[in-house]
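Now for the letters of each chain:
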Amino acid sequence: QLLGNQDHTKVELEKLKKTHDEQQQKLEERVLSLGKELQEAKGAVGDSRRRLVEQSAALLTSQGQLQEVEAENSRLQLRLKELNEEYRSRLARYIRDVANYMDSKPSSVTGHSKAPAGQAAMKNFVDSMLKDIRASYKSREEQLARAARGYKKRMKDLARKHENLLIAYGLQREQIRSLGSSAMDCGPAELHFSITDPELLTNSSRELNRLREEKAKLEMQLQELQKDLMSVHDPNELFCPRQMDEEGWAEVRKKLQEFTLNTQEGLELERSQLLTRAVVAEEQVSELQGYIDEHLAR
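Please read all numbers here as calculations on a predicted model, not as lab measurements.

(A) Structural context of the overall build of the chain. The secondary structure content of the chain amounts to 4 helices and 0 strands. Helices (α) and strands (β) of the chain occur, in sequence order from the N terminus, as α-α-α-α. Of the roughly 24200 Å² of accessible surface on the chain, 58% is carried by carbon and sulfur atoms.

(B) Spotlight on the pattern of salt bridges. Scanning the model with the defined rule gives 8 salt bridges in all. In this structure, the salt-bridge partner of R50 is D47, at a minimum N-O distance of 2.1 Å. With a gap of 3 residues between them, R50 and D47 both fall in helix α1 (residues 6–104), about one helical turn apart. In this structure, E72 and R75 form a salt bridge, with 2.3 Å as the shortest nitrogen-oxygen distance. Here E72 and its partner R75 are both found in helix α1, 3 residues apart, which amounts to about one turn of the helix. Owing to a relative accessible area of 35%, E72 belongs among the partly exposed residues under this scheme. In this structure, a network of salt bridges that share partners links the residues E85, R88 and E141.

(C) Structural context of a nonpolar patch on the surface. Residues V98, Y101, M102, M122 and F125 make up a contiguous nonpolar surface patch of about 500 Å² in total accessible area. For the nonpolar patch, the elements supplying multiple residues, two or more each, are α1 and α2 (121–179). By residue number, the principal contributor to the nonpolar patch is α1, which donates 3 residues. Tracing the backbone through its elements, the reader meets V98 in helix α1. Judged by its relative accessible area of 45%, V98 falls in the partly exposed class.

(D) Quick peek at the packing of aromatic side chains. Taken as a whole and assessed by the stated rule, the structure comprises 0 aromatic pairs. The cationic tip of R88 hangs over the ring face of Y137; the distance from NZ or CZ to the ring centre is 3.7 Å.

(E) Looking closely at the confidence of the model for the chain. Across the chain, the average pLDDT comes to 77, with 82% of residues at 70 or higher. Predicted confidence in the chain is weakest over helix α4 (residues 239–295), with a mean pLDDT of 73, and strongest over α1, with 86. In the model, residues 109–117 has pLDDT below 50 throughout and makes 3 contacts with residues more than four positions away in sequence or in other chains. Note that pLDDT drops below 50 for residues 234–242; the model gives that stretch 4 contacts with residues more than four away or on any other chain.

(F) How the structure looks around the packing of α1 against α2. Viewed as axis vectors pointing N to C, α1 and α2 meet at an angle of 165 degrees, and their least axial separation amounts to 8 Å. Classified by the interaxial angle, the pair formed by α1 and α2 is roughly antiparallel. For the element pair α1 and α2, the recorded crossing hand is right-handed. Judged by residue contacts, E85, R88, A92, I95, R96, A99, N100, M102 and D103 of α1 engage A121, M122, K123, V126, D127, M129, L130, R134, Y137 and E141 from α2.

(G) Spatial organisation of α2. With 59 residues, α2 extends 87 Å from end C-alpha to end C-alpha; this agrees with the ideal 87 Å at 1.5 Å per step. Listed in full, the buried residues belonging to α2 are V126, L130, A159, E163, L166, I167, G170, R173, E174 and R177.

(H) The arrangement of α1 in detail. The first and last C-alpha atoms of α1 sit 142 Å apart over 99 residues, in line with the 147 Å expected at 1.5 Å per residue. Those residues of α1 that fall on the buried side of the exposure criterion are A92, A99 and D103. Tucked inside the fold, the buried residues of α1 contact α2.

Rules and cut-offs
Position numbers for residues count from 1 along each chain, tracking the sequence in the order it is written. Given that this is a predicted model, residues contribute local features only at a pLDDT of at least 70 and side-chain atom pairs are listed and counted only at 80 or more, while totals for whole chains, interfaces and linings are drawn from all residues. Side-chain measures here rest on the full set of heavy atoms in the structure, leaving out hydrogens and waters. Counting from the N terminus, the helices are the DSSP runs of H or I reaching at least four residues and the strands are the DSSP runs of E reaching at least two. A 1.4 Å probe and the Shrake-Rupley method give the accessible areas. Residues count as covered only by the protein chains that appear here. In the sections that follow, a salt bridge refers to a side-chain nitrogen of Lys or Arg positioned within 4 Å of a carboxyl oxygen of Asp or Glu. Any residue under 20% of the maximum accessible area for its type is buried, any over 50% is exposed, and the rest in between are partly exposed; the area is computed with a 1.4 Å probe on protein chains only. Residues with no salt bridge and a relative accessible area higher than 30% make up the patches, which join like charges within 9 Å and nonpolar side chains (Val, Leu, Ile, Met, Phe, Trp, Tyr) within 5 Å. Pairing of aromatic rings covers Phe, Tyr and Trp, the last counted by its six-membered ring, and requires centre-to-centre distances within 6.5 Å; plane angles under 30 degrees mean stacked, over 60 mean edge-to-face, and any other angle means tilted. Our definition puts a charge over a ring when NZ of Lys or CZ of Arg is within 6 Å of the ring centre and also within 35 degrees of the ring normal. How sure the predictor is of each residue is captured by pLDDT, a score from 0 to 100. Between two residues, a contact is recorded if the distance between any of their heavy atoms is within 4.5 Å. Where helices are involved, their axes are fitted lines through C-alpha atoms of the stretch in contact, as for all axes, and angles between N-to-C directions lie from 0 to 180°. Small angles under 35 degrees read as roughly parallel and large ones over 145 as roughly antiparallel, with 65 to 115 read as roughly perpendicular and the rest as oblique. In a left-handed crossing the near helix is turned counterclockwise from the far helix by less than a right angle, and in a right-handed crossing that turn is clockwise. Expected span, for any helix, means 1.5 Å times one less than how many residues it has.

So, in structure tokens, the structure goes:
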């Protein structure tokens, strides 16, 4: 009976082998398709990163041009204000000269209607008109000054939020470095996104930018050292030295992170104190300006 079932067993084995070969071929085709999709996904990610870099460069260029245009606009506004002041003073002087001329001109009317009290009628009218003009200009200047103070306050708030975002971004980069390998792309350094406008920079912001610049230099040196170590060691014996180097660099990064956080905490405390003093100083300046405008004119 066993010898009689031998042919049947061979047929079953052939069927199983054929089924196994078909499944193996399907699996290989699936692996090839997945590999192709993975390559396409990597290409798409690379294109997205390249487009992001191009857009970042265009954004930086646009920001630089915007700063230049804003500076030119500020210069033109200052020049316009100077010209307006000059025009107003000349116009007031001409009107006074005309008023004095009209008041000093002898009247053609004879008799009792030529009263001495009517000689200064034109001058009084002109003085009243100039007083109204000065009051309207003063009201407009106060309105513009309030708008400028509000704009500066909003810009300072935006700069403070931007600084907080940079701090969070730096902490995230350090966490990625501590969790991943040294070859992982953590994005550009914080210095790449720092504010460079002198009007928005405080003493603490300048100190943070200096620390970020030093940190970026240290990161560049660290990458160069890692590249040198990769080129020196034999690839067959690379695992153990690289593991030791990774531990050493992790310790260095940990110390750098502790130093950065401690320094940043002190600078943030100093910055909050300076902001409080700045708010108090602005209030005092506003009160003094109001006092001067009220009493100096009188």
